[in-house]
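In case you want the letters, here they are:
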Amino acid sequence: MSMSEFFNMGGYAVFVWSSYGLALVVLVLNWFIPYQQHQQNIKKLKRQYRQETKQNDSSS
Amino acid sequence: MFKWFVKWFHRMGSPPHFYRFAGSWLPWLTVVFTVLTVAGLYGGLVLAPPDYQQGESYRIIFIHVPAAWMSMFIYMVMASCGIIVLVWRMKLAEVVLICSAPIGASFTFLALVTGSLWGKPMWGTYWVWDARLTSELILLFLYLGVIGLYGAIDEKRVAGRAVAILAIVGMINIPIIHYSVEWWNSLHQGATVTKMDKPSIHWTMLVPLLLMALSFKVYFIISLFQRVRAELLHRERNSRWVEELFRS
């Protein structure tokens, strides 16, 4: 089987590859969105605690 | 044995424990997912022969069928969490329930669209209002309903109980989806794998199909753990364990 035959999918290329492409997009987004959210959460919490420690240091 | 299970169950229910547990498992799960997916795709796209009736177009099966299975499996996970929420008021079950909904909705969407892309060349139409397709569309609306209802109620403990009830009531749709191809005349083909008899699919196609199904299951766990960790951190942002984790 040649490369072009493989990508042609017996004439069904549009249907087959758009299915696989869509699956890729859905899976990547579903992983990436919570990942990013989690990283932002962590950053926010770290900043918050750093500020609190500073305030405590200056008040004491 | 039972005592051990109860202990394990309680430990899992504790947010800091689950947070750490999920975090330590994520890298391993990602490795397993990658291996399964590469093997499944190679088997499905390269090794498996073309179908004698549908030619190469049938290769959509390796996305479509696992996605459809996941759409029902995740719903059952959600409904089981719903029961735990109502009976034991377990916080973690609430979080797992609500974090499963977007993943389930994604797989349902994927199953519907890939089915549509398969239907066009094989049936000559992207969509028909037949029992299988309609009940799967209702499943998508159930997922969106759970997400919407949870977002609409500010008091999160109340919201958790409300979506638990919705998830449990929606369970009735699951056997309807599964048996729709037997109960009604449908354009959709009948079951080839999940039936009492021997699967009517050749092993060269069955093996990659099962590999992809496993890969999607592992993917669900990865995505779920990711979401649950983010949600736990957000919900428990004022608690001591979160403070200990990030105060340096």
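What counts, and at which threshold
Residues numbered from 1 in each chain as written. Chains lettered and ligands numbered in written order. Predicted model: local features only at pLDDT ≥ 70, side-chain atom pairs only at ≥ 80, totals over all residues. Helix = DSSP H or I, 4+ residues; strand = E, 2+ residues; numbered from the N terminus. Rg over C-alpha atoms; globule rule 2.2 N^0.38 Å. Buried ≥ 20, exposed ≤ 12 C-beta atoms within 10 Å, placed from the backbone. Contact = placed C-beta atoms within 7 Å. Axes fitted to C-alpha atoms, helices over the stretch in contact; angles between N-to-C directions. Parallel < 35°, antiparallel > 145°, perpendicular 65-115°, else oblique. Left-handed = near helix turned anticlockwise from the far one by under 90°. Expected span 1.5 Å × (residues − 1). Arc of directions from axis to C-beta. Nonpolar A, V, L, I, M, F, W, Y, C, P; charged D, E, K, R; others polar. Core = buried A, V, L, I, M, F, W, Y, C linked by C-beta atoms within 7 Å.

**Q** Pulling in residues and values, what's your account of the overall build of chain A?
**A** Counting its regular elements, chain A contains 2 helices and 0 strands. Relative to the compact-globule value of 10 Å for 60 residues, chain A shows a C-alpha radius of gyration of 24 Å, a clear excess of over 25%. Within chain A, the fraction of its 60 residues that count as buried is 15%.

**Q** So what about the overall build of chain B? Which residues, and what values?
**A** The number of helices and strands found in chain B is 9 helices and 0 strands. Sequence-ordered secondary structure for chain B, helices as α and strands as β, is α-α-α-α-α-α-α-α-α. Taken along its principal axes, the extent of the C-alpha atoms in chain B is 60 × 35 × 35 Å. Here chain B holds 248 residues, and the buried ones make up 36% of them. Intrachain contacts of chain B at a sequence separation of at least 6 include 77% that bridge at least 24 residues.

**Q** Quick rundown of the packing of helix α5 (residues 131–152) of chain B against helix α6 (residues 156–170) of chain B? Include the residues and the values.
**A** Residues and elements named next belong to chain B. Two elements in contact, α5 and α6, have axes whose closest approach is 9 Å; the angle formed by their N-to-C orientations is 165 degrees. With respect to each other, α5 and α6 are oriented roughly antiparallel. As for how α5 packs across α6, the hand of that crossing is right-handed. Contacts between α5 and α6 involve Leu142, Gly145, Val146, Leu149 and Tyr150 from the first element and Ala159, Ala162, Val163, Leu166, Ala167 and Gly170 from the second.

**Q** Would you mind going over the environment of alanine 79 of chain B in detail, with residue names and values included?
**A** Residues and elements named next belong to chain B. With respect to the helices and strands, the residue alanine 79 is situated in helix α3 (residues 61–88). In sequence terms alanine 79 and glycine 170 are 91 residues apart; their C-alpha atoms lie 8.1 Å from each other. In this structure alanine 79 touches Ala167, Ile168 and Met171, once residues within four positions along its chain are discounted.

**Q** Please provide a residue-by-residue account of α6 of chain B, values included.
**A** All names here are of chain B. Counted at 1.5 Å a residue, the expected span for α6 with its 15 residues is 21 Å, and the 21 Å between its end C-alpha atoms agrees. Taken residue by residue, α6 has Gly160, Val163, Ala164, Ala167 and Gly170 as its buried positions. Looking down the long axis of α6, one finds its buried residues gathered within 135 degrees of arc, a one-sided arrangement. Residues of α6 that are exposed and point over 90 degrees away from its buried face: Val158 and Val169. Packed against the buried residues of α6 are α3, α4 (91–123), α5 and α7 (173–183).

**Q** I'd like a rundown of the interface of chain B and chain A, residues and numbers included.
**A** Taken together, the contact pairs 30 residues of chain B with 23 residues of chain A. Taken together, the elements giving at least two residues each to the side of chain B that touches chain A come down to α4, α8 (203–235) and α9 (240–246) of chain B. Partitioned by chemical class, the residues of the side of chain B that touches chain A number 15 nonpolar, 7 polar and 8 charged.

**Q** I'd love a proper account of the nonpolar core, names of residues and values included.
**A** Among the nonpolar cores identified, the biggest contains 63 residues, and Ile60, Ala67, Met78, Val96 and Leu97 of chain B are the most heavily contacted of them. Those elements giving two or more residues to this core turn out to be α2 (13–59) of chain A together with α2 (15–47), α3, α4, α5, α6 and α8 of chain B. Not counting residues within four places of it along the chain, the set of residues in contact with isoleucine 60 of chain B comprises Phe15, Val16 and Ser19 of chain A together with Thr114, Leu117 and Trp118 of chain B.

**Q** Could you give an account of unusual backbone geometry, naming the residues involved and the relevant values?
**A** Even without a glycine there, the phi angle at methionine 9 of chain A is positive, about 50 degrees. With respect to the element layout, methionine 9 of chain A can be found in the loop between α1 (3–8) and α2. One non-glycine residue with positive phi stands out, namely arginine 89 of chain B, at about 55 degrees.

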